[in-house]
Amino acid sequence: MRDAPAKRPACTLRDMPDVETHCPYCALQCGMTLRLGDSGRVEVGTRDFPTNRGGLCQKGWTAAELLDHPDRLRTPLVRGRPASWPEALDFVADRLRELQEAHGRDAVAVFGGGGLTNEKAYALGKFARAVLGTRYIDYNGRFCMSSAAAAGIRAFGIDRGLPFPLSDLGRADTLLLVGANVAETMPPLARYLTEQAAAGGTLIVIDPRRTPTARRAALHLQPTPGTDLAVALGLLHLAIAEGYVDRAYVAARTTGWDEVAKLAAAWWPARVERLSGVPAADLLTAVHFLGRAERALIVTARGAEQHAKGTDTVSAFINLALALGLPGRPGSGYGCLTGQGNGQGGREHGQKADQLPGYRRIDDPVARRHIARIWGVDQLPEAGVSATELLDRLGTADGPKALLVFGSNPAVSAPRAARVIERLRALDLLVVADFLMSETAALADVVLPTAQWAEEDGTMTNLEGRVLRRRALREPPPGIGTDLGVLAGLGTRLGYVGRFDTDPRAVFEELRRASAGGPADYAGVTWERIDAEDGVFWPCPKDDHPGSPRLFTEGFPTPDGRARLVPVDHRPPAEEPCADFPLYLTTGRVLAQYQSGTQTRRVAPLVAAAPRAFVELHPDLADSLSIVDGESVRLVSRRGAAVLPARVVDTIRPDTLFAPFHWPGVNALTNDALDPTSRMPEFKVCAARVEKL
Ligand code: SF4
């Protein structure tokens, strides 16, 4: 029996002294160089890649610090004891087989991540469906981008975060950012804001906090959390009233206008002001900026999405963009800023419960036959359930008994985290593949140490839909395997007779065939082309196809070629403030930390910059509770509590609290109420109170 991953030699420097690759963290995927310095440490350098143009944030500069970090996992652990790779994989395979024999195929679940390369995301979906035969697979991207994805598909027939190159941001006369704090989450992207401002453009930001991004804006709309949808409806109402609707565009390129216009009619500015707190005059100013611009862009991010009505909120902003006739013109349109490193590619190739590679639907019989043929199986399981629902079923009487986790830390990143930890503890078998001991790995029966980004080849797809090359500088240290090796090793042990490559290039070649003809068609993308062209934009169906940097110029990939205006109406958040929990709690990110912090909480300069979680509150609120800046306070919601230092700032609404989610504890409070379409949890708003200790 083949053992995977194979034993590897000690770290060796490859032929190239400098390796051109991309940052391991966010979806901007900044181009960078890596080299092995004289001291033997890996050094990060910049390079002039079209998106970041030589810029990196502090996270990118320090990314190599984890490669030789003392916390790095270096040997498989079975029930806390070091084991050889064959022992660990035999143990996992035997337990999976036993559990499936006793409880059926769906006794095993798989949980992936938006940071996995395209090859790993593809292989994970294949492993779940073709080897395990389970319907239970989903990933943490469900927490990040799924609402914009769902809204994009229902309006445009396709989900590609930005359907235009990033450089368009600098060309817009008016740029409206909704719930996007790029100055902190993607600092190199802020240079496009500078470019836009230098060209005389106007930036408008919608955010309940006056973030560093909002401080750059000509106009900041600061709504009550959970009211973005009403604000979007109010903007559309005013666009109609002020005569800014592009009637010819709406007639020729969209369907559904009458119903959408009828709903917007009920959202007159005074009503929106009463509900959201955004002054009617500011709404009017925003509409004038958007309506009078020759080129206008509307861009949403997590602030609009992470709600139990996130899909409808994004739809409302897409409706506004379509009413103004924006999509399809250079410097104009609608886009979504994807968050995780491979958030885009990770949701295209099959680790989502309802999808097959190429962004195919799993309930499409033609797609099922195509993928089953490539994988050499007769049957594929049906659609599973979303990440939150999957986690909630773990260890229950009829739920999965085992979970395999790759590149994710749901014990920290999932909403209502205490309940998630309880479910993880209830499993018969928890297996985690990671390179550091995350909070989820600490609960695992088996921990499998895997390679880091500078030790692997593969592809990532950035927020523009540009497929990029991740290039290895060195081999993983001895004892450390790869995710592809783990999947192949388990596949062999579980009796899969089809092909399961450990070489990422071979996996990519299979992915190209699997995606051919699907919405996210990579058939014409090759590693050579990516190298030669600074990435290739999908869809790219043929070798001689130029790729698709700009979508929707002629039509939309819908059956009739028109975009669909979707009628949506405002509704309150799943949880409104009450006597016991009189405030809104919203969550988000800080510059020096990333996601659940497994990596960035171990990088000394990042820890120095952002050492711990905190809660922001307005001076008026702090005064009323006799809380002073820096004092420890207790933050409480219906689901849990956390003790955090208070930060008293006047950049937040007096009725709102903010806490960053990179540390354990904050997501113990967040609400797991789900959007009915995207199944995204409502991270961005819940009812809470703050107590003086
Ligand atoms: Fe990395 Fe994102 Fe920072 Fe660029 S902006 S260096 S991709 S974390």
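Residues numbered from 1 in each chain as written. Predicted model: local features only at pLDDT ≥ 70, side-chain atom pairs only at ≥ 80, totals over all residues. Heavy atoms only, no water.

Undergrad: Describe in detail the state of the cysteines, supporting the description with residues and values.
TA: Two cysteines whose sulfur atoms are joined by a covalent bond form what is called a disulfide. Counting across every chain of the model gives zero disulfides. No disulfide involves Cys 144; its sulfur sits 10 Å from the nearest other cysteine sulfur, which is in Cys 336. Using a relative accessible area of 9% as the deciding quantity, one classes Cys 144 as buried. (Disulfide = S-S within 2.5 Å. Buried < 20%, exposed > 50% of the residue type's maximum accessible area, 1.4 Å probe, protein only.)

Undergrad: Mind laying out the sheet that holds strand β21 (residues 536-537), listing which residues take part and the relevant values?
TA: Pairing in this open sheet of three strands is antiparallel, and the strands run β19-β20-β21 from one edge to the other. Lying at the two open borders of the sheet, with one neighbouring strand each, are β19 (458-461) and β21. Alignment of strand β20 (residues 466-470) against β21, held across two bridges, turns out to be antiparallel. Looking at the pairing, Arg 466 lines up with Phe 537 of β21. Packed onto the sheet, helix α3 (residues 118-132) meets β19 and β20 and runs at close to 95° relative to β19. (Pairing = 2+ DSSP bridges. Helix = DSSP H or I, 4+ residues; strand = E, 2+ residues; numbered from the N terminus. Contact = heavy atoms within 4.5 Å. Axes fitted to C-alpha atoms, helices over the stretch in contact; angles between N-to-C directions.)

Undergrad: Requested: an account of helix α2 (residues 85-103), with residues and values cited.
TA: Relative to the 27 Å expected for 19 residues at 1.5 Å per residue, α2 spans 27 Å between its end C-alpha atoms, a close match to the ideal helical length. Those residues of α2 not exposed but buried are Trp 85, Ala 88, Leu 89, Val 92, Ala 93, Leu 96, Leu 99 and Gln 100. Viewed end-on, α2 has its buried residues packed into an arc of 135°, placing them on one side of the element. Summarising the geometry of α2, the exposed residues directed more than 90 degrees from the buried face are Glu 101 and Ala 102. Directly after α2, the chain includes Gly 104, whose backbone phi takes a positive value near 100°. (Expected span 1.5 Å × (residues − 1). Arc of directions from axis to C-beta.)

Undergrad: Kindly report on the packing of aromatic side chains, identifying the contributing residues and their values.
TA: Enumeration over the complete set of coordinates arrives at 13 aromatic pairs. Seen in terms of ring centroids, Tyr 25 and Tyr 594 are 5.2 Å apart; in terms of plane orientation they differ by 55°. Their pairing is tilted. With Tyr 25 in the loop between β1 (18-22) and β2 (31-36) and Tyr 594 in the loop between β23 (583-588) and α22 (604-609), this pair connects stretches of sequence that are 569 residues apart. Residue Tyr 25 shares its accessibility class with Tyr 594, and that shared class is buried. Residues Phe 614 and Phe 658 carry aromatic rings whose centres are separated by 6.4 Å and whose planes lie at 50° to one another, so their mutual orientation is tilted. Of this pair, Phe 614 sits in the loop between α22 and β24 (615-617) while Phe 658 sits in strand β27 (residues 656-660); the two residues are 44 residues apart in sequence, bridging distant segments of the chain. Every member of this aromatic cluster is reached through a ring pair, and the members are Phe 156, Tyr 334, Phe 552 and Phe 556. (Phe/Tyr/Trp six-rings, centres within 6.5 Å; stacked < 30°, edge-to-face > 60°.)

Undergrad: Before we move on, can you summarise the environment of Asp 68 with the specific residues and values?
TA: Secondary-structure assignment places Asp 68 in the loop between α1 (58-61) and β4 (77-78). Placed 27 residues apart in sequence, Asp 68 and Arg 41 show a C-alpha to C-alpha distance of 8.0 Å. A polar side-chain atom of Asp 68 sits 3.2 Å from a polar atom in the side chain of Arg 474. (Polar contact = N/O pair within 3.5 Å; in protein donor to acceptor, adjacent residues only side chain to side chain.)

Undergrad: If you had to explain the site of the ligand to someone new, which residues and values would you point to?
TA: Taken together, Cys 23, Tyr 25, Cys 26, Leu 28, Gln 29, Cys 30, Leu 56, Cys 57, Lys 59, Gly 60, Met 186 and Pro 188 make up all the residues around the ligand. Split into classes, the residues belonging to the shell around the ligand amount to nine nonpolar, two polar and one charged. (Near = heavy atom within 4 Å. Nonpolar A, V, L, I, M, F, W, Y, C, P; charged D, E, K, R; others polar.)

From the geometry alone we can't say anything about function, so treat these as descriptive.
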